[in-house]
Amino acid sequence: MPNSKNNNLIPRSPVVVVMGHVDHGKTKLLDYIRKTSVAEKEAGGITQHIGAYEITYKNRGITFLDTPGHEAFSKLRGRGAKAADVAILVVAADDGVKTQTVEAIEHIKKAELPFIVAINKTDKPEANPEKVKKELAENDVLVESWSGKVPSVEISAKQGKNINELLDLVLLLADLNELKTNPKKPGEGLVIETNLDPRRGIVASLLILDGIIQTGDYISSGGVTGKIKIIEDFLGNSITQAHASSPVIVIGFTEPPQVGEKFSTDKIPFTAALKVAKKIGEFIEKSFDDEPGQIIEPEEKTKNTFNIIIKSDFQSSAEAIKEGFEKMIFENSNIKILKAETGNVNAGNLELADLSDAIIIAFNVKVDTTLSLYGKLKEKVISGNIIYEVLDKAKKLIETSLKPRPEREETGQLQILAVFRKEKNRQVVGGKVTSGEIVKNARIEIVRDDAVIGQGRIISIESEKKEVGKVEAGRETGIAVDFGEPKIAVGDTVVLFRSLKQN
Ligand code: GDP
């Protein structure tokens, strides 16, 4: 997190992220804390979910990111969970450490996040906190009662047991890390949600990580800009400014920013696209510095624009269709209406569509199908006389072109029935080919409980005591695979792939 180095620094509240395996009680915990927080009562019970909330505990603020599993989180995590200062790792006492617990531990460690283990569901008769601690130790997380450094607390999100103790630990970790902000600096932070409100326009939920934002400020996020007209706190109260660690709603973006994207504000307009690009570049560079070796998907930066030409019998229906398009939100892409006018689809419209790769909506109007360009573009001309139907067709067309083309094809599966030998990066296993064929040198994925646990390559295949090149479905075979941790086990499925990418 940004911590400006100068004398204007003042303390700020910790931002907390809750992580852990599915069903271990993350939502229950967040709901319990939210419900029992003082601030909520002040809002007269009006609850809005903007992706984060703030509580006051012992006269201090704590901000919780409240949508685990949300797309913003995966993006933020991909960048090393830098949005948060403290993590709470929830592990159910009746279930123990599971795959997503291990993943969460990896994220926390990569991001060097201070964290607390919350052993949840301790109200259940089958709860076994000691077993959880042992399993954590096996994953290099040593809690304090196991002579380690990681604080842990046995809670029940259902009954509210030891939640205060958990919050005390959050404040303790925050204090140890001396969280600071410069309240005089222009604000910066992350976009955590966006939505289109029919009345208010583009509504963005932001988490301020440093500085201050004020109404009237210019704002920019991933190439999208605007001027802040309205700021609301997470309870919907209108405010004129907000500081670091606060989740807020901002109205004023001219286009929806992307969830997980960084934003920054300024007193002067973000005019040149270059400036915006530079800011994104700096951010990405910074993320790389924070985490060597981490790859940021280029898709996160690029935005496809879908151009639309609307031709209609009445201007009012053209406007209604235009509004319908403006309400559509697509990940990593946006809609641009080139024209929304009355009249038949003419040669000029087709030329424009060809040049700008646009979709044409012909609402209750004719299309001159004798024009030569029509033959080329007919797939992109949507005709109709019911607004929602044409919008629906257009949406489907856009979604289809957004779908990534498959890069590979599955060619076979092997059900593992026996494990013969485990070496460091090599294993010899046996099983039955359940579909396709097993081919030497093929790339493989190991699937356990519907989750891919690792990748590797088939080094050799043995069938009926002979070394062979391939084995078909229905037969049993032994294979040697080059595959690191975690090891293949009986019951796993080995899935083979062929790359469809042209090299
Ligand atoms: P998440 O997937 O981690 O967000 O898990 P949830 O919060 O949705 O909880 C999964 C299930 O466990 C729900 O049915 C909860 O009611 C239940 N649960 C969560 N915390 C507790 C707890 O402390 N005790 C008991 N008995 N059940 C809990």
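About the cut-offs
- Residues numbered from 1 in each chain as written.
- Predicted model: local features only at pLDDT ≥ 70, side-chain atom pairs only at ≥ 80, totals over all residues.
- Heavy atoms only, no water.
- Pairing = 2+ DSSP bridges.
- Helix = DSSP H or I, 4+ residues; strand = E, 2+ residues; numbered from the N terminus.
- Axes fitted to C-alpha atoms, helices over the stretch in contact; angles between N-to-C directions.
- Contact = heavy atoms within 4.5 Å.
- Near = heavy atom within 4 Å.
- Polar contact = N/O pair within 3.5 Å; in protein donor to acceptor, adjacent residues only side chain to side chain.
- Areas by Shrake-Rupley, 256 points an atom, 1.4 Å probe, with all protein chains shown as cover.
- Nonpolar A, V, L, I, M, F, W, Y, C, P; charged D, E, K, R; others polar.
- Core = buried A, V, L, I, M, F, W, Y, C linked by side-chain atoms within 4.5 Å.
- Buried < 20%, exposed > 50% of the residue type's maximum accessible area, 1.4 Å probe, protein only.

Draft legend 1. Structural detail: the sheet that holds strand β5 (residues 86–92). Sheet architecture is open: six strands sit in the order β3-β4-β2-β5-β6-β7, paired in mixed fashion. Only two strands of the sheet have a single neighbouring strand rather than two, namely β3 (52–57) and β7 (152–154). This sheet shows a mean twist of 25° between the axes of neighbouring strands, independent of strand direction. In terms of strand pairing, β5 meets strand β6 (residues 115–120) through six bridges, oriented parallel. Of the residues in β6, the one forming a bridge with Leu89 is Val117. Contacts from helix α1 (residues 26–36) reach β2 (15–20), β3, β4 (60–65) and β5, with the element oriented near 150° to β2.

Draft legend 2. Examining the site of the ligand more closely. In the vicinity of the ligand lie 15 residues, with Asp23, Lys26, Thr27, Lys28 and Asp123 positioned nearest. Within the contact set of the ligand, an oxygen atom lies 2.8 Å away from a backbone nitrogen or oxygen of Lys28. Taking Lys121, its side chain carries an N or O atom lying 2.9 Å from an oxygen atom of the ligand. For the ligand, the protein covers 75% of the area, taking 580 Å² as the surface of the free molecule. Considering every element that reaches the shell around the ligand, the biggest residue donor is α1, with three residues. Broken down by class, the residue content of the shell around the ligand amounts to two nonpolar, six polar and seven charged.

Draft legend 3. Summary view of the nonpolar core. With 31 residues, the main nonpolar core has Leu29, Ile62, Phe64 and Ile88 as its most contacted residues. Within the residue set of this core, elements represented by two or more residues are β2, α1, β3, β4, β5, β6, α6 (163–176) and β16 (247–253). Counting residues per element, this core draws most heavily on α6, at seven residues. Not counting residues within four places of it along the chain, the set of residues in contact with Leu29 comprises Val18, Ile88, Val90, Ile155, Ala157, Ile163 and Leu166. Counting residues in hydrophobic clusters, the runner-up holds 29 residues, among them Met19, Ala111, Val132 and Leu136.

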